[in-house]
2 protein chains.
Amino acid sequence: APKQQKKTTFSNRGMTLEEDISLTNKYYLDSQIAVVHKKPTPVQIVNVDYPKRSAAVIKEAYFKQASTTDFNGVYRGKYIDFEAKETRNKTSFPLSNVHQHQIDHMKAVDQQGGICFMIIKFAPLEEVYLLPSKQLFIFWDEQWKGGRKSIPYAFIKKEGYHIPFHFQARVDYAAALDKLISELEEN
Amino acid sequence: APKQQKKTTFSNRGMTLEEDISLTNKYYLDSQIAVVHKKPTPVQIVNVDYPKRSAAVIKEAYFKQASTTDFNGVYRGKYIDFEAKETRNKTSFPLSNVHQHQIDHMKAVDQQGGICFMIIKFAPLEEVYLLPSKQLFIFWDEQWKGGRKSIPYAFIKKEGYHIPFHFQARVDYAAALDKLISELEEN
Ligand SMILES: [Mg+2]
Ligand SMILES: [Mg+2]
């Protein structure tokens, strides 16, 4: 089937959260605001063809489990690391969207003094929030002790940081990150 | 052809520098010394098969140019980023081993306050050094102005930091990094 043409309207429609973040990262890189990249999808390459006079073709490969999160990089000298998640829900963010290996990685980064968070998009509301890893860990750990299996929207709105949409920085998380860094430095 | 069995002797033979660094990173992660990962090779996936009852098979894909370096992560709260390079030379490290996009990325990270370096292995000497990006940039930029096309071994030995081989941390770069961080903090 032919690849569907991407819409290039001013709205967010047709773009995934990850694509919007990658465009933002490109803008941040060009403007010397931050250096953040999406990690490539890890694949196990089994068979490669090297035809004469043209590029190597991977003929057999398999998707591997990622051992980290989607994005990492450096901002104001600090290591930042985050996972992007979109939900169709309006009232809560289901923890089933998160994987244990992502939490393990974020806890390791946290312990090493890096700055970890999730960027959560409530798609039907067109609202995006930065949720610090500390808050995520509380809900994650509680779910195994009879706690709820999702994080309420109201909690994320209150404890997270709203991320505005801007034309050049579609998921403009730098200001939210500034607030998070100030809070971490106060404690 | 059957895959060649890896030797598991105490020596470095049969292991690439990248494999040795990845084993070191695993040890650092398990010991809570640092969180550093190798970035997956980026591939452009064109065609995927989804057979019933088994894993998806990538049937056609192409290697993409990496836009960053081999490794990045967090150490003592700091963002670190580096490229690993092996040379068969004994007297100098040829700059042809380095790509412009790697330099561009390292300069962007440097500007953002991250810590960048190269880990260079002189294979015939079995010696490994950490060379700070600052020194690399000098030789890189000079080569276009009539400067030499390689970095002398003697320079790397003097201005870089020797990285010892240890059984659990085969490329034990943490102590070298401590020295680099102290020097950066003094200036
Ligand atoms: Mg994601
Ligand atoms: Mg390399």
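Structure first, text after, so check above.
Residues numbered from 1 in each chain as written. Chains lettered and ligands numbered in written order. Predicted model: local features only at pLDDT ≥ 70, side-chain atom pairs only at ≥ 80, totals over all residues. Heavy atoms only, no water.

J.: Can you help me understand the environment of L177 of chain B in this one?
T.: Residue and element names in this part refer to chain B. Within the fold, L177 resides in helix α5 (residues 174-186). For L177, a relative accessible area of 0% translates into the label buried. In the structure, L177 is positioned 47 residues away from L130 in sequence and 8.0 Å away in space, judged by C-alpha atoms. Other than its neighbours up to four places away in sequence, L177 contacts Y75, I80, I115, F117 and L130. (Helix = DSSP H or I, 4+ residues; strand = E, 2+ residues; numbered from the N terminus. Buried < 20%, exposed > 50% of the residue type's maximum accessible area, 1.4 Å probe, protein only. Contact = heavy atoms within 4.5 Å.)

J.: Is there a simple way to explain the coordination of the magnesium ion (ligand 1) in this structure?
T.: In ideal tetrahedral geometry, four donors around a metal make angles of 109.5 degrees, whereas ideal octahedral geometry with six donors gives angles of 90 or 180 degrees. Residues and elements named next belong to chain A. Donor atoms from the polypeptide that bind the magnesium ion (ligand 1) are D70 (OD), E83 (OE) and A84 (O), placed at 2.2 to 2.5 Å. One chain supplies every donor to the magnesium ion (ligand 1), and in sequence these donors are spaced D-x12-E-A. Of this pair, D70 sits in the loop between β3 (57-63) and β4 (71-75) while A84 sits in strand β5 (residues 78-87), placing them 14 residues apart in sequence. Here the two residues D70 and A84 agree in accessibility, since each one is buried. (Donors = N, O, S within 2.8 Å, 3.2 Å for Na, K, Ca; no water.)

J.: Sorry if this is basic, but what is going on with the interface of chain A and chain B here?
T.: Accessible area lost on assembly of the parts is the figure often given for the size of an interface. Opposite the 37 residues of chain A that make contact, chain B presents 37 residues. Across the chain A/chain B interface, buried area totals approximately 2,900 Å², and carbon plus sulfur atoms make up 66% of it. Seen at the junction of chain A and chain B, the total is 0 salt bridges. Summed over the shared surface of chain A and chain B, the result is 13 residue pairs in polar contact (both at pLDDT 80 or more). When residues of the side of chain A that touches chain B are traced back to their parent elements, those giving at least two are β1 (35-38), β2 (43-49), β3, β4, β5 and α2 (100-111) of chain A. (Buried area = accessible area lost by both parts, 1.4 Å probe. Salt bridge = Lys/Arg side-chain N within 4 Å of Asp/Glu carboxyl O. Polar contact = N/O pair within 3.5 Å; in protein donor to acceptor, adjacent residues only side chain to side chain.)

J.: Sorry if this is basic, but what is going on with α5 of chain B here?
T.: An α-helical turn contains 3.6 residues, so a residue and the one three or four places further along point in the same direction. Residue and element names in this part refer to chain B. Spanning 13 residues, α5 covers 18 Å between terminal C-alpha atoms, matching the ideal 18 Å at 1.5 Å per step. Within α5, the full set of buried residues consists of A174, A176, L177, L180 and I181. Taken down its axis, α5 places every buried residue within 150 degrees of arc, on the same side. Against the buried residues of α5 lie α1 (17-30), β4 (71-75), β5 (78-87), β7 (115-122), β8 (127-132) and β10 (161-163). (Expected span 1.5 Å × (residues − 1). Arc of directions from axis to C-beta.)

J.: Is there a simple way to think about the pairing of β3 of chain A in this case?
T.: Successive side chains on a regular strand alternate, one facing one side of the sheet and the next facing the other. Bridge count between β2 of chain A and β3 of chain A: 6 bridges; the pairing is antiparallel. If you follow N47 of chain A over to β3 of chain A, its bridge partner there is E60 of chain A. Sheet topology places β3 of chain A next to strand β3 (residues 57-63) of chain B; 2 bridges connect them, and they run antiparallel. Among the inter-strand pairings, A61 of chain A is bridged to a residue of β3 of chain B, identified as I58 of chain B. (Pairing = 2+ DSSP bridges.)

J.: Looking at this model, I keep getting lost on the coordination of the magnesium ion (ligand 2). Mind explaining?
T.: Residues and elements named next belong to chain B. The magnesium ion (ligand 2) binds to the protein through D70 (OD), E83 (OE) and A84 (O), with metal-donor distances spanning 2.2 to 2.5 Å. One chain supplies every donor for the magnesium ion (ligand 2), spaced along it as D-x12-E-A. On the criterion of sequence distance, the pair formed by D70 in the loop between β3 and β4 and E83 in strand β5 is long-range, its members being 13 residues apart. As far as burial versus exposure is concerned, D70 and E83 are alike and both buried.

J.: Sorry if this is basic, but what is going on with the relation of the copies chain A and chain B here?
T.: Here the second copy of the chain follows from the first by a rotation about an axis and a shift along it. Note on the copies: chain A fits chain B at an RMSD of 0.0 Å, the axial shift is 0.0 Å, and the rotation between them is 180 degrees. Seen this way, the second copy is the image of the first under a two-fold rotation axis. Interface residue correspondence from chain A to chain B reaches 100%, placing this contact among same-surface, isologous pairings. (Least-squares fit on C-alpha atoms with pLDDT ≥ 70 in both.)

J.: How should I be thinking about the pattern of salt bridges in this particular structure?
T.: Any two side chains of opposite charge can pair, given that their charged atoms come close. Residues and elements named next belong to chain A. Using the criterion set out here, one finds 16 salt bridges over all chains in the structure. With a closest N to O distance of 3.0 Å, D141 and K107 form a salt bridge. In this pair, D141 is assigned in helix α3 (residues 133-143) and K107 in helix α2, connecting sequence segments 34 residues apart. What makes K107 partly exposed here is its relative accessible area of 33%.

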